[in-house]
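# Fold and geometry: a report
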4 protein chains.
Amino acid sequence: MNKNRLEAFSDGIFAVAITLLVLDVRIPAGVDYKDLNDALLLLLPKILSYLLSFLVIGVYWAYHHFSLTRIKKIDGTLLFLNLLTLLLVTFMPFPTILIGEYPFTTTPLVIYGLCLLASNCIGFLWVLHLHQNPQYLKDHYRNEFLKMKTPLYIAVNAPYVVAIALAFFAPKMSYAIYIVVLLGLGVNLWKQMNRAAKIDPSGAPD
Amino acid sequence: MNKNRLEAFSDGIFAVAITLLVLDVRIPAGVDYKDLNDALLLLLPKILSYLLSFLVIGVYWAYHHFSLTRIKKIDGTLLFLNLLTLLLVTFMPFPTILIGEYPFTTTPLVIYGLCLLASNCIGFLWVLHLHQNPQYLKDHYRNEFLKMKTPLYIAVNAPYVVAIALAFFAPKMSYAIYIVVLLGLGVNLWKQMNRAAKIDPSGAPD
Amino acid sequence: MNKNRLEAFSDGIFAVAITLLVLDVRIPAGVDYKDLNDALLLLLPKILSYLLSFLVIGVYWAYHHFSLTRIKKIDGTLLFLNLLTLLLVTFMPFPTILIGEYPFTTTPLVIYGLCLLASNCIGFLWVLHLHQNPQYLKDHYRNEFLKMKTPLYIAVNAPYVVAIALAFFAPKMSYAIYIVVLLGLGVNLWKQMNRAAKIDPSGAPD
Amino acid sequence: MNKNRLEAFSDGIFAVAITLLVLDVRIPAGVDYKDLNDALLLLLPKILSYLLSFLVIGVYWAYHHFSLTRIKKIDGTLLFLNLLTLLLVTFMPFPTILIGEYPFTTTPLVIYGLCLLASNCIGFLWVLHLHQNPQYLKDHYRNEFLKMKTPLYIAVNAPYVVAIALAFFAPKMSYAIYIVVLLGLGVNLWKQMNRAAKIDPSGAPD
């Protein structure tokens, strides 16, 4: 399988999913102009969930990008793990709408957390498969990759599980954890990329 | 015609179609939070049809990818067969919504099956045209291609026809056949790609 | 301007526009299963307009592809003519919905025709600009291009104007003309590409 | 980070966002054919806001293209500034719908202006970051870039601020300023590209 086309297909799906999120941020039909400000205030939970899911898909896109960069060959298992990731990405608008429509309630936050957890687990299977088949990794990534302890997945899965549990007792706390974890993933990405750019600013292909 | 742009256009369409599927998985407006769990249960048939069609488009994308990989030149007939394939891909959200909205009923399952059958027939015409014009195939695929007996199309069309017939008597059986055939196509793809990756893990362009 | 990114952006827009067309082909909410067959029959005009617009965007994509293939440099005028083309492509879902919702009536058919006419006129301005600035054409296309009499635009604009006029007296005839012209453009494309592929089946870049 | 994939992802988002704009240009369900002309007249504000936002996204895409062209390496800050730009691009359908639904009223015009202002400020941060990290610029752009006084951002931000203030007193004037500024940005782009194409019509990569 041609890796470039898999990337193009995946990028297309990430791009469509992230753009569809806004379709639910809208004033109900028939609101008078004098009630518009109130209606906009009622939209705030939807705008918050829109921003959170934009961050989710944006950050996951970047991590997805780095996962594929390291690979030189796609086998059947990697194709299907990639399809499962894309399934979760295209599914994101659904839990996003739920937590926007029913803000700070248990069920939507549980579903949201399960989606994040699931995509994390698929990422873990991806890493596991490459540990068993390091021949699919580009040569200069292989040693570095095999030495990694992948503590990021544990560091991220733990708060997701906690947030899912908290959704039953303290939904706002649960929501806050999702935001903090995703901002953390964003900051981690930002630092990693700044470090890489400082080491090699020449723009050589990865 | 530049094959890369045909691939980009096709990939874009596959990506949009597969992402639009989720737009119909949603809670009706105005459901109270206390009725949310019931509403989510009522969504299960839609989620099932969403998953099935995601599998259809994902697997067809991969097969489409391999069809184009083998080709070095696009003539008018291949362009229009490709457009017909894309027509069916973009049409998929319609029967998907039908089988989600009217679960386990005859008409939606017949329409769904006819779409699958039609896209299979177009794939068959594609193979036929290349048998008559092997000069459009890349050199190292030509011999292998001409020796193929293409039994996959018969193996797949037969159960589709059976499922369409069964939709009149036993809709659940019909639905189950679609799922089994598509899982079968997925497993076949997975095996083929694992075999290819084992023979040549170097990531040489196909 | 990097031509590849202009192509990628344009391809993306064509792909999204052609896939969005299906969103209006749907059964109204709340139709009982026993009324489904009737509701499907009522959908036929929408399915027809969907098929017609799919053909429009598909064929225009291919012509757009060939227009860009011949060019080596994008100046400001070509960028804005391209944006105008994309404006009409993204607008297509609107008149498509109109002729599907109000089948065989004057206003929708006039709007549909004006869109086709407008995109044809933009194509004519594109050709005109390249006649005055042949330095933007790839060298091996230049002579051939400057000798062209571009009779296709007249051959196509004439029936569009007739169809718009007929929409006031004989809407079905008007609709039929759109279908015939677009099938004609498709057949012309098919023949051209078959001829080109026969002359050079080697897949050399255009 | 591979710049090509960032471009592909960005192009996809621009393409989807610009195509989704039309989804709100539609006749309400249930309008009789005899009332269609009146309903079309009522659509004019939505068509105007559609055209304006199409121009916004189209012109911003071109400027975005030139911003990325000059860069050879993406660090974390550039990635997140790019994500913020894309956030605003995907958000555009929301204020577009607002100014189409509530034409010539204060709140929608303020929100619209704030979005334009915000995306301008992100562009300013982008330029600032590159001034501090000129090593990420392609060598032949560096000197030219560092000499730029970037007066365009001030020239554009000033009327945006005026338009936002005017939205409270004279909404039509406010709307007119957005149109004039964006047409101005378009003309500026058109001139720049014509000049660049005249200097080097050879189509050498930028």
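Residues numbered from 1 in each chain as written. Chains lettered and ligands numbered in written order. Predicted model: local features only at pLDDT ≥ 70, side-chain atom pairs only at ≥ 80, totals over all residues. Heavy atoms only, no water.

## A look at the overall build of chain A
Put simply, the test is: By the criteria applied, helices consist of DSSP H or I runs no shorter than four residues and strands consist of E runs no shorter than two, each listed in order from the N terminus. Buried means the residue's accessible area, taken with a 1.4 Å probe over protein chains only, is under 20% of the maximum for its type, while exposed means over 50%, and partly exposed covers the values in between.
Counting secondary structure elements, chain A contains eight helices and zero strands. Secondary structure of chain A in N-to-C order comes out as α-α-α-α-α-α-α-α. For chain A, the C-alpha atoms occupy an extent of roughly 65 × 35 × 35 Å along the three principal directions. In chain A, which comprises 206 residues, the proportion classed as buried is 59%.

## Things to note about helix α3 (residues 76-91) of chain D
All names here are of chain D. Counted only if it meets this: One less than the residue count of a helix, multiplied by 1.5 Å, gives the span that helix is expected to have. N or O atoms closer than or at 3.5 Å make up a polar contact, with two conditions inside protein: a donor-capable atom paired with an acceptor-capable one, and, for residues adjacent in sequence, both atoms drawn from side chains.
With 16 residues, α3 ought to run about 22 Å at 1.5 Å a step, and its terminal C-alpha atoms sit 22 Å apart, in line with that. The element α3 is largely enclosed, with a buried count of 15 among its 16 residues. You can read the cap of α3 off the contacts: a side-chain oxygen lies 3.3 Å from the backbone nitrogen of Thr77, and it is on Asp75.

## Here's the deal with the side chain of Asp75(B)
Defined as follows: The charged-residue count follows a simple rule in which Lys and Arg add positive charge and Asp and Glu add negative charge, with His and chain termini not counted at all. The term salt bridge refers to a pairing of a side-chain nitrogen on Lys or Arg with a carboxyl oxygen on Asp or Glu at a separation within 4 Å. Contacts: residue pairs with any heavy atoms within 4.5 Å of one another.
Along the chain, the position of Asp75(B) falls in the loop between α3 (44-69) and α4 (76-91). The side chain of Asp75(B) is buried and forms no salt bridge, while Lys198(C), the nearest opposite charge, is found at 6.6 Å. Within polar-contact distance, the side chain of Asp75(B) engages the side chain of His129(B) at 2.8 Å. Those residues in contact with Asp75(B) that lie beyond four places of it in its chain are His129(B), Tyr136(B), Met193(C), Asn194(C) and Ala197(C).

## Some thoughts on the packing of aromatic side chains
Operational definition: Centres within 6.5 Å are what make two rings of Phe, Tyr or Trp a pair, Trp counting through its six-membered ring; a difference in plane orientation under 30 degrees is then read as stacked, over 60 as edge-to-face, and the rest as tilted. By the criterion adopted, a ring carries a charge over it if an Arg CZ or a Lys NZ lies within 6 Å of its centre and within 35 degrees of its normal.
Under the counting rule described, the total for this entry stands at 32 aromatic pairs over all chains. Taken together, a centroid distance of 5.4 Å and an interplanar angle of 50 degrees make the contact between Phe104(A) and Tyr175(A) tilted. One end of the pair, Phe104(A), is in the loop between α4 (93-101) and α5 (106-132); the other, Tyr175(A), is in helix α8 (residues 171-199), with 71 residues separating them in the sequence. On the numbers, 5.8 Å between centres and 50 degrees between planes, the contact of Tyr112(D) with Tyr178(D) is tilted. Here Tyr112(D) is found in helix α5 (residues 106-132), whereas its partner Tyr178(D) is found in helix α8 (residues 171-199), with 66 residues between them in sequence. Residue class for Tyr112(D) comes out buried when judged on its relative accessible area of 0%. Look at Tyr178(D) and you get buried, because its relative accessible area is 0%. An aromatic cluster of three or more residues is present, and its members are Tyr50(A), Phe54(A), Phe91(D) and Phe94(D). For the cation-ring pair, Lys172(A) lies above Phe104(A), with the distance from its terminal atom to the ring centre recorded as 5.3 Å.

## Regarding the interface of chain B and chain A
Bring the parts together and some accessible area is lost; that lost area is often taken as the interface size. Which entries qualify depends on this criterion: By buried area we mean how much accessible surface two parts lose on assembly, using a 1.4 Å probe and totalling the loss over both. Only Asp, Glu, Lys and Arg are considered charged, only Ala, Val, Leu, Ile, Met, Phe, Trp, Tyr, Cys and Pro nonpolar, and every remaining residue, Gly among them, polar.
Opposite the 44 residues of chain B that make contact, chain A presents 37 residues. Across the chain B to chain A interface the summed buried area is about 3500 Å²; carbon plus sulfur atoms make up 71%. Among the residues of chain B in contact with chain A, Thr19(B), Tyr33(B) and Trp61(B) are the three that bury the most area, contributing 17% of the side total. Summed over the shared surface of chain B and chain A, the result is two salt bridges. Between Asp24(A) and Arg26(B) there is a salt bridge whose closest N-O contact spans 3.4 Å. Where chain B touches chain A, the interface holds 12 residue pairs in polar contact (both at pLDDT 80 or more). Of all elements in the fold, only α1 (3-20), α2 (36-42), α3 and α9 (171-199) of chain B reach the threshold of two or more residues within the side of chain B that touches chain A. Counting residues per element, the side of chain B that touches chain A draws most heavily on α3(B), at 10 residues. Each residue belonging to the side of chain B that touches chain A can be placed in one class, and the counts come to 27 nonpolar, 10 polar and seven charged.

## With respect to the environment of Phe54(C)
One can find Phe54(C) in helix α3 (residues 44-69). The exposure class of Phe54(C) is buried, given its relative accessible area of 5%. For Phe54(C) and Thr107(C), which are 53 residues apart along the polypeptide, the C-alpha to C-alpha distance reads 21 Å. For Phe54(C), the contacting residues outside a window of four places in its chain are Leu83(B), Leu86(B), Leu87(B), Thr90(B), Ile18(C) and Leu21(C).

## Considering the relation of the copies chain B and chain A
Our working definition: Least squares is the method for superposing the copies, and the C-alpha atoms it fits come from residues with pLDDT of at least 70 in both.
The two copies are related by a screw motion: chain B maps onto chain A through a turn of 90 degrees and a shift of 0.0 Å along the axis, at an RMSD of 0.0 Å. The relationship between the two copies is best expressed as a four-fold rotation axis. Residue by residue, only 5% of the interface of chain B is reproduced at the interface of chain A, so the copies engage with different surfaces.

## Section: the pattern of salt bridges
On inspection of all chains with the given rule, the structure shows 28 salt bridges over all chains. Asp139(A) is paired through a salt bridge with Arg142(A); the nearest N and O atoms lie 2.7 Å apart. Here Arg142(A) and Asp139(A) lie together in helix α6 (residues 139-147), a separation of three residues that amounts to about one turn. The exposure class of Asp139(A) is exposed, given its relative accessible area of 53%. Residue classification places Arg142(A) among the partly exposed positions, given a relative accessible area of 24%. In this structure, the salt-bridge partner of Arg5(C) is Asp11(D), at a minimum N-O distance of 2.5 Å. Here Arg5(C) is found in helix α1 (residues 3-20), whereas its partner Asp11(D) is found in helix α1 (residues 3-20) on a different chain. Under the relative-accessibility criterion, Arg5(C) is labelled buried at 4%. Because the salt bridges share partners, they merge into one network encompassing Asp24(A), Lys46(A), Glu101(A) and Arg26(B).

## Concerning the interface of chain B and chain C
Every contact between the two is made by 37 residues of chain B and, on the other side, 44 residues of chain C. Roughly 3500 Å² of surface becomes buried between chain B and chain C when both sides are summed, with 71% attributable to carbon and sulfur atoms. There are two salt bridges connecting chain B and chain C. Counting across the interface, chain B meets chain C through 12 residue pairs in polar contact (both at pLDDT 80 or more). Contributing elements (two or more residues each) for the side of chain B that touches chain C: α1, α4, α5 (93-101) and α6 (106-132) of chain B. Here the residues of the side of chain B that touches chain C are counted per class, giving 23 nonpolar, nine polar and five charged.

## Here's the deal with the environment of Thr96(B)
Residue and element names in this part refer to chain B. Relative to the helices and strands, Thr96 is located in helix α5. On the basis of relative accessible area, Thr96 is assigned to the buried category, the value being 4%. C-alpha of Thr96 to C-alpha of Met148: the two residues are 52 residues apart in sequence and 33 Å apart in space. Apart from residues lying up to four places away in sequence, Thr96 is in contact with Leu21, Ser49, Tyr50, Ser53 and Tyr112.

## Describing a nonpolar patch on the surface
Residues and elements named next belong to chain A. In plain terms, the rule: Without a salt bridge and with relative accessible area above 30%, a residue can belong to a patch; like charges are then joined within 9 Å and nonpolar side chains (Val, Leu, Ile, Met, Phe, Trp, Tyr) within 5 Å. Note on areas: these come from Shrake-Rupley sampling with a 1.4 Å probe, and a residue is covered only by the protein chains present in the view.
A cluster of nonpolar side chains, Phe124, Leu125 and Leu128, forms an exposed patch at the surface whose accessible area comes to about 250 Å². Secondary-structure assignment places Phe124 in helix α5. Phe124 sits in the partly exposed class, given a relative accessible area of 36%.

## Quick notes on the state of the cysteines
Keep this limit in mind: When two cysteine sulfur atoms are found within 2.5 Å, that pair is recorded as a disulfide.
What the rule picks out here adds up to zero disulfides over all chains. Lacking any disulfide linkage, Cys115(C) is separated from the closest cysteine sulfur, that of Cys121(C), by 12 Å.

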